[in-house]
Amino acid sequence: MGAKIPRNFRLLEELEKGEKGLGAEACSYGLDEGDDLLMTNWNGTILGPPHSVHENRIYSLKIHCGPSYPDAPPDVTFISKVNIPCVNPSNGKVDLSKLPSIANWKRDFTMETVLIEIRRYMAAPANKKLPQPPEGTNF
């Protein structure tokens, strides 16, 4: 087994990747406050997947990386209202256990992994035609 990268080094890598736009073009993320030395609170954006009710929509999310991240998953909450089964309809909190590919969290997963998997879930046949709240409404 290789050396375990400390939380702050890992988050610095993710910050650099997010700021430089080196990740998936349909998802982005960055620190909520530039002076957050613990790199705890982040913003995320997902562009709605094509050929779905989400197409041409931009979804905003809050990501909270607690002290045990990346050993434990971040808390992810939609700011933009969305109707998909993995999102609590009253507060926007994402239940990552409902996303099959990341239900069993691995340390190698990143915030980008989470955003990409949520977007993939939005595009799934069972979810891509679900009625959605009016565009621009928030939790």
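What you see is a predicted model, and the numbers here were worked out from it, not measured in a lab.

### Notes on the pairing of strand β2 (residues 41-47)
In step 1: Only one face of β2 is covered, namely the face carrying Trp42, Gly44 and Ile46; the face carrying Asn41, Asn43, Thr45 and Leu47 is uncovered.
In step 2: Note: strand β1 (residues 27-31) against β2, 5 bridges, orientation antiparallel. Bridge pairing links cysteine 27 to isoleucine 46 in β2.
In step 3: For β2 and strand β3 (residues 58-64), the ladder comprises 7 bridges, and the chain directions are antiparallel. Residue pairing across strands places isoleucine 46 opposite tyrosine 59, the latter belonging to β3.

### Focus: the confidence of the model for the protein chain
In step 1: Per-residue confidence for the protein chain gives a mean pLDDT of 93; residues scoring 70 or more make up 97%.
In step 2: Across the protein chain, strand β4 (residues 75-78) holds the top mean pLDDT of 98, while helix α1 (residues 7-20) sits lowest at 89.

### Overview of the packing of aromatic side chains
In step 1: For the coordinates displayed, the defined rule picks out 4 aromatic pairs.
In step 2: With centroids separated by 6.4 Å and ring planes inclined at 45°, the aromatic side chains of tyrosine 69 and tryptophan 105 adopt a geometry described as tilted. Taken together, the positions of tyrosine 69 in the loop between β3 and β4 and tryptophan 105 in the loop between β4 and α2 (111-123) put the pair 36 residues apart, joining distant regions of the chain.
In step 3: Accessibility expressed as a relative area gives 1% for tyrosine 69, which makes it buried.
In step 4: For the pair tryptophan 105 and phenylalanine 109, a centre-to-centre distance of 5.3 Å together with 80° between the ring planes defines the contact as edge-to-face.
In step 5: Overall, the relative accessible area of 14% leaves phenylalanine 109 in the buried class.
In step 6: Pairwise contacts between aromatic rings join Tyr69, Trp105 and Phe109 into one cluster.

### Details of α1
In step 1: End to end, α1 covers 20 Å across 14 residues, agreeing with the expected 20 Å (1.5 Å per residue, within 8%).
In step 2: Of the residues making up α1, those classed as buried are Arg7, Arg10, Leu11, Glu14, Leu15 and Gly18. Looking down the long axis of α1, one finds its buried residues gathered within 140° of arc, a one-sided arrangement. In α1, the exposed residues that point more than 90 degrees away from the buried face are Glu19 and Lys20.
In step 3: Turning to α1, the residues buried within the fold contact β1, β2 and α2.

### Observations concerning the environment of proline 125
In step 1: Summarising the element assignment, proline 125 is placed in the segment after α2.
In step 2: Proline 125 gets classed as exposed once you look at its relative accessible area, which sits at 72%.

### What to know about the sheet that holds β2
In step 1: A sheet is described by the order of its strands in space; here 4 strands give the open sequence β1-β2-β3-β4, paired in antiparallel fashion. Among the strands making up the open sheet, the edge pair consists of β1 and β4. Taken over all neighbouring pairs, the strand axes of this sheet differ in orientation by 25° on average, direction set aside.
In step 2: Across the sheet, α1 lies against β1 and β2, angled at about 125° from β1, the strand it touches most.

### Digging into the pattern of salt bridges
In step 1: Following the criterion strictly, the structure yields 6 salt bridges and no others.
In step 2: Lysine 93 serves as the salt-bridge partner of aspartate 75, at 3.4 Å between the closest nitrogen and oxygen. Of this pair, aspartate 75 sits in strand β4 while lysine 93 sits in the loop between β4 and α2, placing them 18 residues apart in sequence.
In step 3: On the accessibility criterion, aspartate 75 (39% relative accessible area) is partly exposed.
In step 4: When its relative accessible area of 35% is taken as the criterion, lysine 93 is described as partly exposed.
In step 5: Among the ionic pairs, glutamate 117 bridges to arginine 120, the shortest N-O distance being 2.6 Å. Remark: arginine 120 and glutamate 117 occur in helix α2; sequence separation between them is 3 residues, near one turn of the helix.
In step 6: Under the relative-accessibility criterion, glutamate 117 is labelled buried at 11%.
In step 7: Overlapping salt bridges bring together Lys4, Asp71 and Arg107 as one network.

Rules behind the numbers
Residues numbered from 1 in each chain as written. Predicted model: local features only at pLDDT ≥ 70, side-chain atom pairs only at ≥ 80, totals over all residues. Heavy atoms only, no water. Buried < 20%, exposed > 50% of the residue type's maximum accessible area, 1.4 Å probe, protein only. Helix = DSSP H or I, 4+ residues; strand = E, 2+ residues; numbered from the N terminus. Pairing = 2+ DSSP bridges. pLDDT = per-residue confidence, 0-100. Phe/Tyr/Trp six-rings, centres within 6.5 Å; stacked < 30°, edge-to-face > 60°. Expected span 1.5 Å × (residues − 1). Arc of directions from axis to C-beta. Contact = heavy atoms within 4.5 Å. Axes fitted to C-alpha atoms, helices over the stretch in contact; angles between N-to-C directions. Salt bridge = Lys/Arg side-chain N within 4 Å of Asp/Glu carboxyl O.

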